[in-house]
Amino acid sequence: MIQTIKLYDDKPYDREFTAKIINIAEAGEGFLDIVLDRTLFFPEEGGQTCDNGYICDLKVAHVSIDDGVITHRIQCAATALSEGEEVQGRIDWEHRFSNMQNHSAEHILSGLLHNIWGSENVGFHLSDNIVTLDTSKELEADEIKRLEKSANKVIYDNIPVDCRYYEPSELSAIEYRSKKELKEDVRLVTIPGVDVCACCAPHVSRTGEIGIIKIIKAIRYKGGMRFTFLAGCRAYDHITALQDMTDNVSHLLSVSSDKLDEAVSRLMKENEEYKIKLKNAAAAKLGQEIKALSKDSRNAVLFTDPIDNIVQRNAVNDLARSHSGVCAVFSSDGAGGYNYIISYPEGDARDIAKLMKEKLTSKGGGSKDMIQGNVKASEEEIRRVLDFQNE
Ligand SMILES: [Zn+2]
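Quick caveat, the model's predicted, so the values are computed rather than measured. (Residues numbered from 1 in each chain as written. Predicted model: local features only at pLDDT ≥ 70, side-chain atom pairs only at ≥ 80, totals over all residues.)

Q: Please clarify how the overall build of the protein should be interpreted in this entry.
A: Within the protein, the secondary structure is distributed over nine helices and 20 strands. In terms of overall dimensions, the protein is more spread out than a globule: its C-alpha atoms have a radius of gyration of 34 Å, far above the 21 Å expected for 391 residues. For the protein, the spread of C-alpha atoms along the three principal axes comes to 100 × 50 × 45 Å. Expressed as a percentage of the 391 residues in the protein, the buried residues total 30%. In the protein, the share of contacts with a sequence separation of at least 24, taken over all contacts with a separation of at least 6, comes to 58%. (Helix = DSSP H or I, 4+ residues; strand = E, 2+ residues; numbered from the N terminus. Rg over C-alpha atoms; globule rule 2.2 N^0.38 Å. Buried ≥ 20, exposed ≤ 12 C-beta atoms within 10 Å, placed from the backbone. Contact = placed C-beta atoms within 7 Å.)

Right, here's the structure in full:
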């Protein structure tokens, strides 16, 4: 089949087109695969998702390319379209322009990474909501800030972006980034002073149209970095959502947004202090309960609010001095269960661990003298299991 004319190569800003259907094939489940003589629909290619839109008011579900032939998958009756027919196509411009902004942004970041740090682009994925860029060298936090700032400077400079094909004879004199060894005519995307890269996708005509580039995440990945970034409308939406969240939190804490970090640090410190106070109060209450226990009972099983592990262990040792049966303190873990420490002076504490594991699927273990662990069960359920000793 003859290769499809890619209208988006020369006219990335066109939104509507007419074309002739040159092939129709049934694709199953009510889908038809349509090949046109020419198209504005960019197919899924080079890490970028395909364009959305309509052909004859029928929604295009997917666009793919194979050996230069672009196929549009459409859900419709087999009789809805016929070969030789002239059709109208319309791409989803908002989606396309967002992809152009984000793809051009990727070239700027990759070009800067290459020029400043000698880092190669080793992976790129432009989905409808997230853009990731994998590079070959690790960068420090201050370098990432420099990268982002330099990329936005390229936007302010509003540099023209040139996209065109070069013959192999011309290419030998040009230095450009490419992941593959290319033999045919190559389409180069040139941002003068920033980047030259082989690429098949539509780009903005000047860098100023990108608006903004925001790196929202940078992690070390396979010996290099994985950057997640947003550009243009997507970055604007992201920043707006963050602003809304900041405003809500400022309102909740009754502080201005520039004082939020101080306010949160203060709250965390207060929270830690309260936790210590609560643990101390629980320890004091536990001490009272230990005193109030009848010395005659064999078992001594107590439940408490969260307490310090050392206090809990000392309490169990106290109990074990005056009781011969199961001596246990269950301290609430704040998540519907208990952290336990158990001693069993007249037997082997590991038998109690075994029993609790069997009946309550508890976790933990220890020695003959003492066991500790966690159990997700209520006080009532635990007491019922340990009742075997309460004669
Ligand atoms: Zn590209």
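Q: What exactly am I supposed to notice about the sheet that holds strand 11 (residues 162-166) here?
A: Sheet strands line up and pair through hydrogen bonds in the backbone, either parallel or antiparallel. Strand order across the open sheet formed by three strands is 11-12-13, with antiparallel pairing between neighbours. Every other strand in the sheet has two partners, leaving strand 11 and strand 13 (195-198) as the edge strands with one partner each. Ignoring which end each strand starts from, the neighbouring axes of this sheet average 25° apart. In this sheet, strand 13 lies alongside strand 12 (residues 186-191) in antiparallel orientation, the contact comprising four bridges. Paired with Ile191 across the two strands is Asp195, which belongs to strand 13. (Pairing = 2+ DSSP bridges. Axes fitted to C-alpha atoms, helices over the stretch in contact; angles between N-to-C directions.)

Q: Explain the packing of helix 2 (residues 93-117) against helix 5 (residues 232-253) here, please?
A: Two measures define how a pair of helices packs: the angle their axes make with one another and the distance between the axes. Between helix 2 and helix 5, whose axes approach to 7 Å, the crossing angle comes to 95°. Considered as vectors, helix 2 and helix 5 are oriented roughly perpendicular to each other. Taking contact as the criterion, the partners of Ser98, Gln101 and Asn102 in helix 2 are, on helix 5, Gly232, Cys233 and Arg234. Each residue belonging to the contact of helix 2 with helix 5 can be placed in one class, and the counts come to one nonpolar, four polar and one charged. (Parallel < 35°, antiparallel > 145°, perpendicular 65-115°, else oblique. Nonpolar A, V, L, I, M, F, W, Y, C, P; charged D, E, K, R; others polar.)

Q: Mind showing me how you'd approach unusual backbone geometry here?
A: Peptide bonds are mostly trans, and most non-glycine residues show a negative phi. Despite not being glycine, Asn158 shows a phi value in the positive range, around 50°. Turning to its location among the elements, Asn158 is positioned in the loop between helix 3 (141-156) and strand 11. Phi is positive for Lys222, close to 45°, though the residue is something other than glycine. Relative to the helices and strands, Lys222 is located in the loop between strand 14 (213-221) and strand 15 (224-231). Given 11 C-beta atoms within 10 Å, Lys222 falls into the exposed group.

Q: What is the right way to look at the packing of helix 6 (residues 260-292) against helix 7 (residues 309-322) in this model?
A: Taken N-terminus to C-terminus, the directions of helix 6 and helix 7 make an angle of 5°; their axes are 11 Å apart at the nearest point. Between helix 6 and helix 7, the interaxial angle falls into the category roughly parallel. Across the interface between the two elements, Ala283, Leu286 and Ile290 of helix 6 pack against Val311, Ala315, Asp318 and Leu319 of helix 7. Grouping the amino acids of the contact of helix 6 with helix 7 by side-chain chemistry returns six nonpolar, no polar and one charged.

Q: For this particular structure, what's the right way to read helix 6?
A: Two residues of an α-helix separated by three or four positions point the same way, owing to the 3.6 residues in each turn. Given a rise of 1.5 Å per residue, 33 residues ought to cover 48 Å, and the 48 Å separating the end C-alpha atoms of helix 6 matches this to within 8%. Buried residues are scarce in helix 6, accounting for one of its 33 residues. (Expected span 1.5 Å × (residues − 1).)

Q: Quick question: what am I supposed to make of the pairing of strand 8 (residues 86-91) here?
A: A regular strand carries its side chains on alternate faces of the sheet. Pairing of strand 2 (residues 16-28) with strand 8 involves five bridges; the strand directions are antiparallel. Its bridge partner lying in strand 8, Thr18 is registered against Gln88. In this structure, strand 5 (residues 53-55) lies alongside strand 8, joined through three bridges in antiparallel fashion. Note on strand 8: the bridge partner recorded for Tyr54 is Arg90.

Q: Help me understand the domain arrangement of the protein in this model?
A: Reports of interface size often rely on the accessible area that becomes lost once the parts have come together. Once the domains are mapped, the protein shows domain 1 (5-91), domain 2 (97-249) and domain 3 (274-389). Computed from C-alpha coordinates alone, the two centres of domain 2 and domain 3 are separated by 59 Å. (Domains from an automatic or database assignment.)

Q: Would you mind going over the pairing of strand 18 (residues 338-343) with me for this structure?
A: Counting buried positions over the six residues of strand 18 gives five, a clear majority of the element. Bridge count between strand 17 (residues 327-332) and strand 18: six bridges; the pairing is antiparallel. The residue bridging Ser331 from the neighbouring strand is Asn339, located in strand 18. Counted along the chain from strand 17 to the antiparallel partner strand 18, the turn is five residues long, and its residue Gly334 has a positive phi close to 75°. Direction of pairing for strand 18 relative to strand 20 (residues 370-375): antiparallel, over a ladder of six bridges. Residue pairing across strands places Asn339 opposite Asn374, the latter belonging to strand 20.

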